[in-house]
Each structure stands twice: as structure tokens, then as C-alpha cells.
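Chain by chain, the residues run as shown.
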Amino acid sequence: MSSKIFINAIDPEECRIAKVTEGKLEEFHIENAAKEITHGNIYKGIITRVEPGLQSVFVDYGAERHGFLQKQEIHPDYFLDTPSGDQSIKNIVKRGQELLVQVSKDPVMKKGAMLSTYISLPGRYIVLMPGTDNIGVSRKIEKEEERLRLKGLVEKMKLPQGFGLIVRTAGANCTKTDLAKDLRYLLRLWKNISKKGIGEDAPSLLYKERNLVLRSIRDYLTPEVDEIVIDDEAVHHEVRDFINIISPKHTRIVKLHQSPGPIFSRFNLEDQISRIFESRVELKSGGSVVIEQTEALVAIDVNSGKGIHKKSIEQTALATNLDAAEEIARQLRLRDMGGLIVVDFIDMRESKHRLEVEKALKNHMKEDKARTKIGRISKFGLLELSRQRIRPSIEFGSYLPCRHCRGKGMLPSAETQALGLLRKLQLETLKDGITEITGVVPANVADYLLNNKRKEILDLEMRREISIRIEGDADMMPKESRILRRP
């Protein structure tokens, strides 16, 4: 099936990239100028704190929050000499020690970036790994004969000692010349990074990953892509120049969008993109999946809804779950969701049906470039899977927590807020020397108090021999309140 890549880069504040197959959105990435993506960047950092309890260290690499580096991500070349042989974190590294680190996970919410000293430099067809001697082929390349062919080609290449590499999915069917060209480029890149690392003071940036456009072209330019359409002339030239380096034969498919209308509207993508940000996704069968992101995990609920009923409830559940498996795999790619994901499928009694749904999900997840691990459906109908967090989810740069509910998604009722103020008034009126007190609350809460709690307020005034006023503030946020005291 042919695919197309559309790049909306005309607005400097935001860049959007969509990969479409047969008119259906399959990949979507967005980068906001206000939210910098640092995944893949390489820095010279300095250890600021060693945490024996966590077997980790915190590294100042120049960001607002220090990065988190686990013991298993520290290359042995950085280990200090320990005559005792004790390999605990406090003995192998020290505070003030400098090292080269790469961001493996961007900061998320209140969590700092995850770092690694095991550097990987992705090219068009291979990933170069300085400091290791591993040679491998992407697991996405499944044909055994092709895997053996590629491994044979790589083993014949002149790879310097102390370097490893992995052939990427895009490397399938490549020639030795293609791989060797990519390798030479990456070795030159690493030489420049190493040279810069020697001369720079920590913390400092040594290598910045390519921008979203070039990263996407590098990662998603596959043989089935027959057209790349871009709406910005400068970016169009940049992409043509880049493709001319990595794959000259594809230069002809790069085109400039010159129609008067916006590029995504012209190709009917805006509606598909807007649905990515909704929590409920409708299924072809009439059912739906509800996707909720929390700080700990992603929860996905499958509902039969108005699903077409088969001969039995079991068959209806199976049909809806199979439909959901395909959509869930697609939505995880589109939304860039990572970490632990729990799917609540509709209950199925027969084990063969559960196996069928598990198999379907695994097949659809094969299209995902992120590493995934998929569990089994439990007796409660829950399936756990993990997905590599390549970059923050698309909501990271596009949405902010609601200033009213502070990200909770719900607001306390006027009654709850009113009762809360009454409790505060009861406490405040116990203080000596006060003759008048004013409670300031949102306007709807003030209305509730004056209409439904007037008796309680009068009783409190009589018991405490004090004057109580309630004022509404239309600009006050829910959950906020002020108490003003007058002697």
C-alpha cells in the first residue's frame, strides 16, 4: 500500500507531520516551539548527587532539572578504581565526575530526564553504538534469510574496535554500499562529538538531534512512501537537500504544496487529527475505546456500545475486541503514549477467543517503531503491555493542565465548597478580638450559601456574637476562598 507524508511547517510556533496510508492517518507528530524535545541529544554533564538507595546518580547537564542516571546505564569506562571490588554506586562514581550522557527519555510532568552513557547515533539504515561491540539486526526485520544476509554484510564491513551497530528496519534489502555510506557518516559524527566533548566545560550540549521534520523523514521514509508534500518553501528545500544525501532517488517525490488552502485541510486530515485529542474513539463495529493518561500508566477501556450483535454475547465481545485491538495499536502510535498501558477488554469466556485477541494486538503492534512487550489477558479481562516512550505524548506540547480543576478533570460542587467555607468560618470565629468576618468565595458558591445556608450562618453569628458577611467574586477560581477579619 502506498503512503504519503504531509508536513505542515508554515507556522513557526508549531510543526506537524502526518503519514497517511490509503487516506487513513497512521503516524502523527507535533513539535511546539515552546516545548523543546531533547530526546537523543548528547551532553557533557557532571554528577551532582550520588543516591546509594536508588543505585543512581543525578547529573547536571544544563537543563532546568537534573537528569536521572541509573547504575546500569553507566558505562564501565567511567567506573573508578575500587581495590575492594565493591561495585555499589557510591564506589564506582563520585560527585563532581564528568561524563557524556544522552537523553533517553524527555522530562515528563515532575520527572526529570532519563539519561544514559551508552550513546546511540541513528542514521538512515543503521544505529552506531560507541563503546560496545554488539552487532545486530532490528527485530522488525522478521525474514530469517534477510537477517542473515544483513548480518553477513555488517560483519564484513570495517567497523573500528569499540563500536557496535544495529541495522534499522529501513535497512531491509539494503546493499553493502548503502550501509557503508551510512557508517562512514556516523563515524565522522561521533569523532566530532568526542572532539567537542574534550574541549567543552560541563554542563554543555555536544550534539543536538535533528529537527522534527528531518527526524521524521529519516525514520519514516520507507519504500511504500510515494509522495512527500510540504507547505513551507524553506523546509521544502531543507528536506530535498537532506533526502539528496540519504536517498537521492527519492528527491523527485518531494513536492511543495501550492494550493491556497491549508495543507491538512486540503487532504482531509484535520478531522482525523482532532480525534486524537479526544478520550473516546469510536470503532467501526459500533463500540468504542476510552483512553485516559495518568502519571502512572495509560488506562484503556473497551466498550461494546452500539456494536452489532452477533449470534451470541461471546461473539459480539470477540468482534468488538478484535476491532479494538487494531485501533488501540494505531492510537498508541498516533498519541505517542509510552510506559505501562492497561487495556480492559470486554470479558470473553473462551480461552481461544482471548488468544485470538492477544495475537491480533501483537500483529497490529508490529507496525510500531517503539519497542513493546505484550502480556496476556487475565481472568479479569485486563491486558498489560509496555511501550517504549520515544518522546512525550502529543498532548505534552499542545495542552496545559486546566487552571480550574488543576488537571483533575472534575470540579467540586457548589455545595461541597460552601460546606468547606462554613467549616473555616467556625474555626476562625473562635479567635478572640474579632467582631466582623467576611468570607469571599466564587459567585455560584456565594449564591448557594446565601440561599441554602443562611440559617447556619445566622446561628453561628448568634453563638459567637459576631457579624458574618458572604461575598461572591466572579473572577475567583473554583476551590479558592478568602476570609477577611475585622476587630
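Refer to the structure above for everything that follows.
Remember, predicted model here, so these are calculated numbers, not experimental data.

Parameters and conventions
Residues numbered from 1 in each chain as written. Predicted model: local features only at pLDDT ≥ 70, side-chain atom pairs only at ≥ 80, totals over all residues. Heavy atoms only, no water. Pairing = 2+ DSSP bridges. Helix = DSSP H or I, 4+ residues; strand = E, 2+ residues; numbered from the N terminus. Axes fitted to C-alpha atoms, helices over the stretch in contact; angles between N-to-C directions. Contact = heavy atoms within 4.5 Å. Buried < 20%, exposed > 50% of the residue type's maximum accessible area, 1.4 Å probe, protein only. Polar contact = N/O pair within 3.5 Å; in protein donor to acceptor, adjacent residues only side chain to side chain. Salt bridge = Lys/Arg side-chain N within 4 Å of Asp/Glu carboxyl O. Parallel < 35°, antiparallel > 145°, perpendicular 65-115°, else oblique. Nonpolar A, V, L, I, M, F, W, Y, C, P; charged D, E, K, R; others polar.

Colleague: Quick rundown of the sheet that holds strand β10 (residues 126-130)? Include the residues and the values.
Modeller: With mixed pairing, the four strands of this open sheet are ordered in space as β9-β10-β12-β11. Two strands lie at the open edges of the sheet, namely β9 (121-122) and β11 (135-137), each paired on one side alone. Here β9 pairs with β10 via two bridges, running antiparallel. Paired with Leu-121 across the strands is Leu-128, a residue of β10.

Colleague: Describe the sheet that holds strand β21 (residues 382-387), and please don't skip the residues or the numbers.
Modeller: Here we have six strands laid out as an open sheet, ordered β16-β17-β18-β19-β21-β20, and mixed in their pairing. Single-partner strands in this sheet number two, and they are β16 (280-282) and β20 (372-377). Adjacent strand axes in the sheet meet at a mean angle of 20°, parallel and antiparallel pairs treated alike. Where strand β18 (residues 298-303) meets strand β19 (residues 339-344), four bridges bridge the pair, whose relative direction is parallel. If you follow Ala-299 over to β19, its bridge partner there is Val-342. Against the sheet, helix α8 (residues 313-335) makes contact with β16, β17 (288-293), β18, β19 and β21, and its axis sits at roughly 150° relative to β18, the strand it touches most. Strands in contact with helix α9 (residues 351-365) are β20 and β21; relative to β20, the strand with the most contacts, it is inclined by about 170°.

Colleague: Can you tell me about the side chain of Ser-204, naming the residues and giving the values?
Modeller: Note that Ser-204 resides in strand β13 (residues 204-207). A relative accessible area of 10% means that Ser-204 is categorised as buried. A polar contact is formed between the side chain of Ser-204 and the backbone oxygen of Asp-201, at a distance of 3.1 Å. In contact with Ser-204, not counting residues within four places along its chain, are Tyr-43, Lys-44 and Tyr-61.

Colleague: Describe the pattern of salt bridges, listing the residues and the values that go with them.
Modeller: Side-chain pairing between opposite charges can occur once the charged atoms of the two side chains come close. Under the counting rule described, the total for this entry stands at 26 salt bridges. Note that Glu-428 is salt-bridged to Lys-431, the shortest N-O span being 3.2 Å. You can call Lys-431 partly exposed: its relative accessible area is 43%.

Colleague: Quick rundown of the packing of helix α11 (residues 414-428) against helix α12 (residues 443-452)? Include the residues and the values.
Modeller: As a packed pair, α11 and α12 sit with axes 9 Å apart at the nearest point and diverge in direction by 70°. Classified by the angle between their axes, α11 and α12 sit roughly perpendicular to one another. In this structure, α11 uses Ala-414, Glu-415, Gln-417, Ala-418, Leu-421 and Leu-422 to contact α12, whose residues at the interface are Asn-444, Val-445, Tyr-448 and Leu-449. Per-class residue counts for the contact of α11 with α12 are seven nonpolar, two polar and one charged.

Colleague: Outline the environment of Met-365, supporting the account with residue identities and numerical values.
Modeller: For Met-365, the location among the structural elements is in helix α9. Each C-alpha atom, one on Met-365 and one on Ile-328, is 8.9 Å from the other, the two residues being 37 residues apart in sequence. When near neighbours in sequence (up to four residues on either side) are disregarded, Met-365 contacts Lys-140, Ala-329, Leu-332, Thr-372, Ile-374 and Leu-385.

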